[in-house]
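If you want the building blocks of each chain, they are given just below.
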Amino acid sequence: MESDLQELDALEATELDAGMVFSGTPSGKGVRGFAAPCRYTPIPSLDYVFHESSRDIIVWFLERSDPLYVFGPTGSGKTSLIKELAARLYYPVFEVTAHSRLEFADLAGHLAVREGSMEYAYGPLALAMRYGGLFLLNEIDLVSPDVAAGCNGILDGQPLCLAENGGELVVPHPMFRFAATANTNGSFDETGLYQGTLQQNLAFMDRFWLCEVGYPEATAELALLERRAAQLPESVRSRMVEYAQEVRKLFVGQASGEIAKTIEVTFSTRTLLRWAALTLRFQPLSRQGIQPVTYALDRALAYRATRETQALLHELAQRMFPLTA
């Protein structure tokens, strides 16, 4: 832990060209980042495809402003989008996934025994505030509203008081950022899809800049599949993206036509890539009369669904893919 703190203490903020960072083209627009990565800096994916929602978060990074609340359906890439942008600025990211039993001490820190003596262990929020970095709280709508309200002062830019550490005041570093992700916008979940989510306090939500992230455009996912699964015929890749979009519509209750119901599973871009990779891996099964696309679909997604949904997913696949695919 001591080496971690030394590395964080050595972080150096710097001015970067936003165009070079995010698009590779000089823009003359400055953005604050860090001179080098550290062990808390995410590793960027070289083939990551940014979609249109990224511009809102890029603008958020350009200048220090209100905390960020990113919401959208599961699998839409909310967390990965934030981390990919942070990685390009060499931002250290202190990430926590929330749950119903999360307490504020889990974020701020607590006393712990180390080598026979008591010492204070800084939590991820305290580390981000003290050394500068992005505190990322995922699934924030699973947190009890009274616990979330404990962050109100932090969201307003006030210091964090660590009572257990002798009342230490952690003044927010100029590079400190607070971002949260959720499946809902902090109000009631009207879809009934996200069990355990809680309506958040209005005063708490009023402190955030809101950003909605939907599923990527078809063109973005087609480009990604072309790079990651080029051995598949273009027609198969195209139908895979189309199939994923249809499943997403079923998930959010926006499907129409012969199959129009709500299902409990959906396609993330990660799942789509897994499906393509498994389809390639199972190509030899076609010699045994087994369709690789459907076989891979079960292992990428359908086995997580109920029997009824599995049958629906197979019915949709039979319509969209020829038996020879």
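Structure: above.
Residues numbered from 1 in each chain as written. Predicted model: local features only at pLDDT ≥ 70, side-chain atom pairs only at ≥ 80, totals over all residues. Heavy atoms only, no water.

**Considering unusual backbone geometry**
Then, number 1: A positive phi is found at Y90, a non-glycine position, where the angle reads about 60 degrees.
Then, number 2: Mapped onto the secondary structure, Y90 falls in the loop between α4 (78–88) and β4 (93–97).
Then, number 3: A positive phi angle, close to 55 degrees, is found at E139, a residue other than glycine.
Then, number 4: Secondary-structure assignment places E139 in the loop between β7 (134–138) and α7 (145–148). (Helix = DSSP H or I, 4+ residues; strand = E, 2+ residues; numbered from the N terminus.)

**Topic: a nonpolar patch on the surface**
Then, number 1: On the surface, L111, V113 and M118 cluster together into a nonpolar patch covering about 310 Å² of accessible area.
Then, number 2: On the secondary structure map, L111 appears in strand β5 (residues 109–114).
Then, number 3: With a relative accessible area of 39%, L111 lands in the partly exposed category. (Patch = residues over 30% accessible without salt bridge, like charges linked within 9 Å, V, L, I, M, F, W, Y side chains within 5 Å. Areas by Shrake-Rupley, 256 points an atom, 1.4 Å probe, with all protein chains shown as cover. Salt bridge = Lys/Arg side-chain N within 4 Å of Asp/Glu carboxyl O. Buried < 20%, exposed > 50% of the residue type's maximum accessible area, 1.4 Å probe, protein only.)

**What about helix α11 (residues 234–252)?**
Then, number 1: Relative to the 27 Å expected for 19 residues at 1.5 Å per residue, α11 spans 28 Å between its end C-alpha atoms, a close match to the ideal helical length.
Then, number 2: V236, R237, M240, V241, Y243, A244, V247, R248, L250 and F251 are the residues of α11 that are buried. (Expected span 1.5 Å × (residues − 1).)

**Quick word on the pattern of salt bridges**
Then, number 1: Taken as a whole and assessed by the stated rule, the structure comprises nine salt bridges.
Then, number 2: Between R39 and E7 there is a salt bridge, with the nearest N and O atoms lying 2.5 Å from each other. One end of the pair, R39, is in the loop between β2 (30–34) and α3 (54–62); the other, E7, is in helix α1 (residues 2–9), with 32 residues separating them in the sequence.
Then, number 3: Look at R39 and you get exposed, because its relative accessible area is 52%.

**Focus: the environment of E95**
Then, number 1: With respect to the helices, strands and loops of the structure, E95 is situated in strand β4.
Then, number 2: On the basis of relative accessibility, which here comes to 36%, the residue E95 falls in the partly exposed class.
Then, number 3: For the pair E95 and N201, spaced 106 residues apart in sequence, the C-alpha to C-alpha distance is 22 Å.
Then, number 4: Every residue in contact with E95, bar those within four places of it in the chain, is listed here: T79, K83, L136 and N138.
Then, number 5: Side chain to side chain, E95 and K83 meet in a polar contact 2.9 Å long. (Contact = heavy atoms within 4.5 Å. Polar contact = N/O pair within 3.5 Å; in protein donor to acceptor, adjacent residues only side chain to side chain.)

**Let's talk about the packing of aromatic side chains**
Then, number 1: This model, assessed by the stated rule, comprises 16 aromatic pairs.
Then, number 2: Here the aromatic cluster, defined as three or more aromatic residues joined through ring pairs, consists of Y69, F135, F178, F204 and F208. (Phe/Tyr/Trp six-rings, centres within 6.5 Å; stacked < 30°, edge-to-face > 60°.)

**What about the sheet that holds strand β11 (residues 209–212)?**
Then, number 1: Taken in spatial order, the five strands of this open sheet run β4-β7-β10-β3-β11, and their pairing is parallel. Edge strands, defined here as strands with exactly one partner in the open sheet, are β4 and β11. For this sheet, the mean inter-axis angle between neighbouring strands, taken without regard to orientation, is 20 degrees.
Then, number 2: In the sheet, β7 pairs with strand β10 (residues 177–182) via four bridges, with the strands oriented parallel. Counterpart to F135 in the pairing with β10 is F178. (Pairing = 2+ DSSP bridges. Axes fitted to C-alpha atoms, helices over the stretch in contact; angles between N-to-C directions.)

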